Amino acid sequence: MKIYNFRDLNKEKLKELCSRSSSDDNLVKSRTEEIINNVKSNGDNALLSYAQQFDNIALSSLFIGQEELAELAKQIPSDVKSAIDIAYQNIHTFHAAQLKQEDKVETMPGVVCWRENRAIERVGLYIPGGTAVLPSTFLMLGIPAKIAGCKEIVVCSPPQSDGKVNCYIAYVATLLNIDKVYLVGGAQAVAAMAYGTETVPQVYKIFGPGNRYVTEAKKQVQNSVAIDMPAGPSEVLVLADDTAIPSYVAADLLAQAEHGTDSQSILAVTSNKTAAEVIAEVEKQLAELPRRDIAKAAIDNSYIVLVENLAQGMEFSNLYAPEHLILATENYEALIPLINNAGSVFLGNLTPESAGDYASGTNHTLPTSAFAKAYSGVSVDTFIKKITFQHLDNNGLKNIGQTVEVLAEAEGLQAHKNAVSIRLKGTSGQ
Ligand SMILES: NC(=O)c1ccc[n+]([C@@H]2O[C@H](COP(=O)([O-])OP(=O)(O)OC[C@H]3O[C@@H](n4cnc5c(N)ncnc54)[C@H](O)[C@@H]3O)[C@@H](O)[C@H]2O)c1
Ligand SMILES: N[C@H](CO)Cc1c[nH]c[nH+]1
Ligand SMILES: [Zn+2]
């Protein structure tokens, strides 16, 4: 891992370090565009040929139905079943608390305004399955969708080599009462849900993380469909001082690195000594990992920034805007008010990021590529529209009428003014 000193970094270099762009971005863009156009024109045929090309399988059906899901779900080992059940409960408890009805507000006497939640009726969930199948992502998307009350939930995930989904995905589908999983991965899944095919229904909003093709496809279909956020290759920034435990920091860096070669694991650290200890630990732990080639490539793409103190580390972190921010210090409390840009934050030496990935309750579908500057992670709100309502009574009309008339006149919009004046006249005798 390259080491930089924060105080030596000029604006240009900082921008480069915080950028997630890569030399083949344009290639990914054009390939994705091609895939989307093919799905738009050729529907299911395109999906079947991409399954052959990317997933190496000649599919006889583009989905797995309820009965087969139930059968596959029976194969789940009991320890994994119990772990999924506990994760389900915690994620459900955390997300259920987000569903709140706001109070009505009387802005002037007789003028009452309020917002009501309505679930997005048709949503599409993408569950990654390329380098690793992620049933945890199914929980993270399916639970808030159900709590929000979404009526139609379309789920896409790449097929396994046997043309099915694994027993974990099947078990989560049964837990969530979802009776179909479409065997479609990558950009083609996003295109299918955005435009619909003979088999895959069109949805109003697409959710879920994925590799660069999936994330690029979500960006490209935004003219036709809403998306949750760009949630691409995983990232972590660990901010550490001398109270950090190097072996824990190394484990956290490697946890995100093993997701994919394009993951980023950044360390901002207050001392050379801790930096050296973390590097040694990364080397040691890396050698033991089954996915060490992937993790090593990601670590080689990552770097360390030496900072003078934790506040300066936070300054860098806010510029980088990580998906996950780990405060590996006993002094984390004082840093909380300094955090502006981060998807999800993990406080202190005993809080591994993996807890949030799987089971503490928070959502793991989070903005990457510095989009944490503007987006939040997935929550129940992401599956809901908030519709505003208002009601004016006689008193309210009198109180607000002149204000609206004057403003409409100022904008030169006579019909707007008339819509008030005609009512004021109509009610003046009452
Ligand atoms: N930000 C988040 O919230 C979050 C959460 C979980 C996972 N992730 C990230 O999701 C990603 C999952 O990626 P993945 O690859 O394992 O699974 P994936 O399901 O996103 O992608 C697999 C699919 O990509 C397509 N594909 C592969 N190579 C291609 C190519 N050369 N051209 C066109 N399409 C191609 C194939 O259709 C394949 O089925 C990881 O990068 C992980 O870090 C992010
Ligand atoms: N760290 C990923 C989000 O970037 C989520 C995940 C799923 N499984 C393990 N981790
Ligand atoms: Zn993870």
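Residues numbered from 1 in each chain as written. Chains lettered and ligands numbered in written order. Predicted model: local features only at pLDDT ≥ 70, side-chain atom pairs only at ≥ 80, totals over all residues. Heavy atoms only, no water.

Looking at an unreviewed UniProt entry, the protein carries the name Histidinol dehydrogenase, with the source organism given as Pedobacter xixiisoli. Comment text from UniProt for the protein, heading Sequence similarities (unreviewed entry), reads "Belongs to the histidinol dehydrogenase family." Among the UniProt annotations of the protein, the heading Pathway (unreviewed entry) holds the following wording: "Amino-acid biosynthesis; L-histidine biosynthesis; L-histidine from 5-phospho-alpha-D-ribose 1-diphosphate: step 9/9." (UniProt positions renumbered as here; feature names shortened; annotations may be inferred.)

(A) Representation of the packing of helix H5 (residues 135–148) against helix H6 (residues 167–175) within the structure. With their axes 9 Å apart at the nearest point, H5 and H6 run at an angle of 20 degrees to one another. The orientation of H5 relative to H6 falls into the category roughly parallel. Every pair of crossing elements has a handedness; the one defined by H5 and H6 is right-handed. Only Tyr168, Ile169, Val172 and Ala173 of H6 make contact with H5, whose side of the interface consists of Pro135, Phe138 and Leu139. Classifying every residue of the contact of H5 with H6 by side-chain character gives seven nonpolar, no polar and no charged. (Axes fitted to C-alpha atoms, helices over the stretch in contact; angles between N-to-C directions. Helix = DSSP H or I, 4+ residues; strand = E, 2+ residues; numbered from the N terminus. Parallel < 35°, antiparallel > 145°, perpendicular 65-115°, else oblique. Left-handed = near helix turned anticlockwise from the far one by under 90°. Contact = heavy atoms within 4.5 Å. Nonpolar A, V, L, I, M, F, W, Y, C, P; charged D, E, K, R; others polar.)

(B) Inspection of the site of ligand 1 at higher detail. Taken together, 30 residues are adjacent to ligand 1, and Asp55, Tyr126, Thr131, Asn211 and Ser234 come closest. One nitrogen or oxygen atom from the main chain of threonine 131 is found 2.6 Å from an oxygen atom belonging to ligand 1. One of the side-chain nitrogen or oxygen atoms of tyrosine 213 is found 3.3 Å away from a nitrogen atom of ligand 1. The set of elements that each furnish at least two residues to the shell around ligand 1 consists of helix H2 (25–55), helix H7 (186–195) and helix H8 (212–220). Among the elements that make up the shell around ligand 1, the one with the highest residue count is H2 (four residues). Residues that form the shell around ligand 1 fall into these classes: 13 nonpolar, 14 polar and three charged. (Near = heavy atom within 4 Å. Polar contact = N/O pair within 3.5 Å; in protein donor to acceptor, adjacent residues only side chain to side chain.)

(C) Looking closely at the environment of proline 135. Mapped onto the elements of the fold, proline 135 is located in helix H5. A C-alpha to C-alpha distance of 24 Å links proline 135 and alanine 372, two positions 237 residues apart in sequence. If we skip the residues at most four places from it in the chain, proline 135 touches Tyr168, Ile169 and Val172.

(D) Spotlight on the packing of aromatic side chains. If you walk through the whole model with that rule in mind, you get nine aromatic pairs. Their ring planes at 85 degrees and their centres at 5.8 Å tell us that tyrosine 4 and tyrosine 303 sit as a pair that is edge-to-face. Here tyrosine 303 lies in strand E12 (residues 303–306) and tyrosine 4 lies in strand E1 (residues 2–5), a separation of 299 residues in the sequence. Here tyrosine 4 falls in the buried class, since its relative accessible area comes to 17%. A ring pair is formed by phenylalanine 63 and tyrosine 182, whose centres lie 6.0 Å apart and whose planes are at 65 degrees; its orientation type is edge-to-face. Linking phenylalanine 63 in strand E2 (residues 63–65) with tyrosine 182 in strand E7 (residues 180–182), this pair joins segments that are 119 residues apart in sequence. For phenylalanine 63, a relative accessible area of 30% puts it in the partly exposed group. You can call tyrosine 182 buried: its relative accessible area is 6%. (Phe/Tyr/Trp six-rings, centres within 6.5 Å; stacked < 30°, edge-to-face > 60°. Buried < 20%, exposed > 50% of the residue type's maximum accessible area, 1.4 Å probe, protein only.)

(E) Quick peek at helix H14 (residues 394–410). For H14, which comprises 17 residues, the first-to-last C-alpha distance of 24 Å matches the rise-based estimate of 24 Å (1.5 Å per residue) to within 8%. The largest bend in H14 comes to about 40 degrees, at isoleucine 400. Looking only at H14, the buried set comprises Gly396, Leu397, Gly401, Glu405 and Ala408. In this structure, the buried residues of H14 make contact with strand E4 (111–119), strand E15 (384–392) and helix H15 (414–428). Looking one or two residues beyond H14, the residue adopting positive phi is glycine 412, at roughly 70 degrees. (Expected span 1.5 Å × (residues − 1). Bend = angle between axes of the 7 residues up to and from the residue.)

(F) The arrangement of the nonpolar core in detail. Core analysis: the biggest nonpolar cluster contains 71 residues, and Leu125, Phe138, Val200 and Phe383 have the highest contact counts within it. Counting residues per element, this core draws most heavily on H5, at eight residues. Setting aside anything within four residues of it in sequence, one finds phenylalanine 383 in contact with Ala119, Ile120, Val123, Leu125, Leu141, Pro144, Ala145, Ala148, Cys150, Phe207 and Val378. Among the nonpolar cores identified, the runner-up in size contains 24 residues, and Val238, Ala257, Val282 and Leu289 belong to it. (Core = buried A, V, L, I, M, F, W, Y, C linked by side-chain atoms within 4.5 Å.)

(G) Seen up close, the sheet that holds E15. The three strands lie next to each other as E3-E4-E15, forming an open sheet whose pairing is antiparallel. Strand pairing shows two members of the sheet lacking a second neighbour, strand E3 (105–108) and E15, which therefore form its edges. The average angle at which neighbouring strand axes cross in this sheet is 30 degrees, direction not considered. Of the strand pairs in this sheet, E4 and E15 are connected by nine bridges, and their pairing is antiparallel. Bridge pairing in E15 places valine 111 opposite leucine 392. (Pairing = 2+ DSSP bridges.)

(H) Local environment of the UniProt feature "binding site: NAD(+)" (unreviewed entry) in the protein. Under the feature "binding site: NAD(+)" (unreviewed entry), the UniProt entry names Tyr126, Gln188 and Asn211. Spanning 86 residues, the named residues nonetheless gather at one spot, since no C-alpha pair among them exceeds 12.4 Å. Secondary-structure assignment places glutamine 188 in helix H7. By secondary structure assignment, the location of asparagine 211 is in the loop between strand E8 (205–207) and H8. Accessibility expressed as a relative area gives 43% for asparagine 211, which makes it partly exposed. Among the polar contacts made by the side chain of asparagine 211, one reaches the main-chain amide nitrogen of tyrosine 213 at a distance of 3.1 Å.

(I) Region of the structure containing the state of the cysteines. Enumeration according to the criterion identifies zero disulfides in this entry. Distance from the sulfur of cysteine 156, which forms no disulfide, to the nearest cysteine sulfur (cysteine 150) is 16 Å. By relative accessible area, cysteine 156 is classed as buried at 0%. (Disulfide = S-S within 2.5 Å.)

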